[in-house]
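Per-entry structural report
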Amino acid sequence: MRTFMKLSWVGAVAGLMMASCASQPAAVADYDLVPLPLQTAAVQQAPFVLKSGIPVYYPAGNEELQRNAGFLAGYLKAQTGIEVAVKEGEGQGGITLAMDDGVQAPEGYRLTVGADGVRIVGATPAGVFYGIQTLRKAVGAQAAASVELPAVDITDQPRFGYRGMMLDVGRHFYSMDELKTYIDMLALHNVNRFHWHLSEDQGWRIEIKKYPKLTEVGSKRSETVIGHNSGKYDGKPYGGFYTQEQAREIVAYAAERYITVIPEIDLPGHMLGALAAYPELGCTGGPYEVWRQWGVSEDVLCAGNDQTIAFIKDVLAEIIDIFPSEYIHVGGDECPKVRWTTCPKCQARIKALGLKSDSKHTKEERLQSYVIHEAEEFLNSKGRKMIGWDETLEGGLAPNATVMSWRGEGGGIEAARQRHDVVMTPNTYVYFDYYQAQDKENEPIAIGGYLPMEKVYSYEPMPKALTPEEQKYIIGVQANLWTEYIPTFAQVQYMVLPRMAALCESQWCAPDKKDYPAFLQRCSRLVDIYKAYGWNYAKHIFDVQLQLTPNSETGTLDVIAGTIDNAPVYYTLDGSEPTAAATRYTEVVKIDKPAILRTVAIRPEGATRVTTDTIRFSKSSMKPITMLQPVNKQYEFGGAPTLVDGMTGNHNYKTGRWIAFYRNDMEAVIDLKEATEISSMTLNTCVEKGDWVFDARSIMVEVSDDNQTFRQVAREDYPAMKETDPNKIYTHTLTFAPVSARYVKVTAIPEHSLPAWHGGKGHPSFLFVDEITLE
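Residues numbered from 1 in each chain as written. Predicted model: local features only at pLDDT ≥ 70, side-chain atom pairs only at ≥ 80, totals over all residues. Heavy atoms only, no water.

**Quick word on the nonpolar core**
Formed by 180 residues in total, the largest nonpolar core has its most connected members in Leu-149, Phe-194 and Trp-196. Here the element with the most residues in this core is helix 18 (residues 516–532); it accounts for nine residues. Setting aside residues no more than four positions away along its own chain, Phe-194 makes contact with Met-165, Leu-167, Leu-179, Tyr-182, Ile-183, Leu-186, Ile-250, Ile-259, Thr-260, Val-261 and Ile-262. With 32 residues, the next largest nonpolar core counts Met-627, Leu-672, Val-701 and Leu-734 among its residues. (Core = buried A, V, L, I, M, F, W, Y, C linked by side-chain atoms within 4.5 Å. Buried < 20%, exposed > 50% of the residue type's maximum accessible area, 1.4 Å probe, protein only. Helix = DSSP H or I, 4+ residues; strand = E, 2+ residues; numbered from the N terminus. Contact = heavy atoms within 4.5 Å.)

**A word on the pairing of strand 34 (residues 698–704)**
Counted residue by residue, strand 34 has seven buried out of seven residues, so it is predominantly covered. Of the two faces of strand 34, the one carrying Ser-698, Met-700, Glu-702 and Ser-704 and the one carrying Ile-699, Val-701 and Val-703 are both buried. As defined by bridge partners, strand 34 adjoins strand 35 (residues 711–717) across six bridges and the pair is classed as antiparallel. The residue bridging Val-703 from the neighbouring strand is Arg-711, located in strand 35. With seven bridges joining them, strand 34 and strand 36 (residues 729–749) adopt antiparallel strand pairing. Bridge pairing in strand 36 places Val-701 opposite Val-746. (Pairing = 2+ DSSP bridges.)

**Remarks on unusual backbone geometry**
Across residues other than glycine, the phi torsion is negative in most instances, and most of the peptide bonds are trans. Look at the link from Gly-286 to Pro-287: it is a cis peptide, with omega at 5 degrees. Relative to the helices and strands, Pro-287 resides in the loop between helix 7 (272–277) and helix 8 (306–322). Cis geometry marks the peptide bond from Leu-497 to Pro-498, where omega comes out at 5 degrees. As for its placement among the helices and strands, Pro-498 is situated in the loop between helix 16 (489–496) and helix 17 (499–508). In this structure, Glu-334 is a non-glycine residue whose phi angle is positive, near 45 degrees. Since its relative accessible area comes to 31%, Glu-334 is described here as partly exposed.

Written as structure tokens, this is what we have:
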């Protein structure tokens, strides 16, 4: 019934298209699409006109290309209303799908258009499928009686063989139809791996016949925390799981679209769903409950228990039976060792194995390596390969294990140097659960972070730190969607679209083909296809894009505004709502006094969301500023001028309104341009202790007339932060007797050694600072 309803809906969309297309003028295909093909050459021929009744030919007896032809017919009908006819054999004046050994890459294809028809060939049916994706995106999505296809010769192939997207169904559960739609979304973006995260502290989601309580008990939590572990709960039972037959159905649906499903059973941590069902597998014996909150539980599988190892192998045996993928993901991330340090069975296992702590790893960390090795050897014995998060590197891996590098790129670099295959999936570039706009108050709640489209697009997966030989071990790129704060599938779509478009260019395109402004133009046409299928996508790329730059020569904040399609932009400076009656932006706006800048773009279909930026002026605003110690490169953003641009950041330190210092102090010199009387200095710091982001331990203010000799006028020292200190913005104001000076040096000293209560104890903290205000 669910499948029928879905097909009926697509048919209804196509019906609406057909009802209106007869009166529509011919559309023209555009080969500037996402991802951009490797080579596109115009051909001096008349165009081919695509219209209803045109045949789509596939080779006699080739069932895969017959299915591909059916996909193409469905895409064209849903996107334009044009109905083509699928036919076996060969013919003229239509679209021909064929195999061609002359195409080099397994997933490569060649698409040629001439006056007499369209031809899509590949070395494999998968290559033909990607040629079909290119054709459907070139045709676009608009009701049309016909589409003119300019003559062209396209030769294309992917940069990486592994092009992945992950979906976490442990925190929140999604229906079969929703998973199929997700797979359809992946296919449009040339993604060929669906990483399915199936087990969590908050719920076990896959039927395991030998352990029925995993779904009877482990798939259900009594209620769910509201917001960011607020301590308040919704009081609503929550659960769901997939039967093995349903999982096989998803595998088959994906395979038809040349997508391999990689299942993940995360172990030995993230296992409260399993422990609630089988408490004997834990160190304490329970009782346990499926977790109602987010985060990482200290209760994990007991590594010293023989039953645990048997459980892991039994579960993996059934997973292997369901999923034919080469890789099986065993997680291996975020496994606290607290229980193991006091568990007699775990300590006995450590002793029996002769595990020792050293400068790199504790004996408990080496015990995790033992568990991972047991899983890996079992998978290898069944002809499968293990893939795991970068924590699985700890203690060493077998030669055929593959690593997913999520904690930045460091784990991937280390793994490649050890000759392990690597899938790059760094949280700094491809974690789609992060906010995608600075204005998070007007966004659905997210886990945190800030990952706008441009940051995703900027990702280059090949680390320069690797030699060309080592780079060969980087086999692919993947983005992840963790779903703690994503209860509905509509929100899943909102978080991944259109960021998935930016991802797929890093996965598919040659690096020299990437160009962000051009990509935005191409992406705007891809969005029309999202609309045709009713997919919920984020619209930030259509908002006003602002460049706010402090100009130390004029003492102004210079504003440059624009949109990806040159839609007219209107603005106000007094905080009032901008409308078409407001001032239209035509040139750089120079702000030289306090203002509330609000902008909007207005198109025929309506107005975008309004941007709001509050600008304050002090004696330090828009003045020259020099850093005497380096800004941390990862969080440099706009650099030193960020501290004097008149704007303050919110509690999200990744938005670009904060800059960071790590392993050195902040030491900034502001040139007031002339002797100026000041009596106070205010500096903000952002604290997020779990991310190693702490408050300053000391702040000093010094003044000088010649920028050579400075004298101290104020200093404050602060105690080490306690575990109970809140995460928030801390405002530090130092007052002193009025003094006249041209140069002002502000020094902030970070926490050089995290306290004993912190997981990063002994390591230096990050110090995030914003606006230096002198009055």
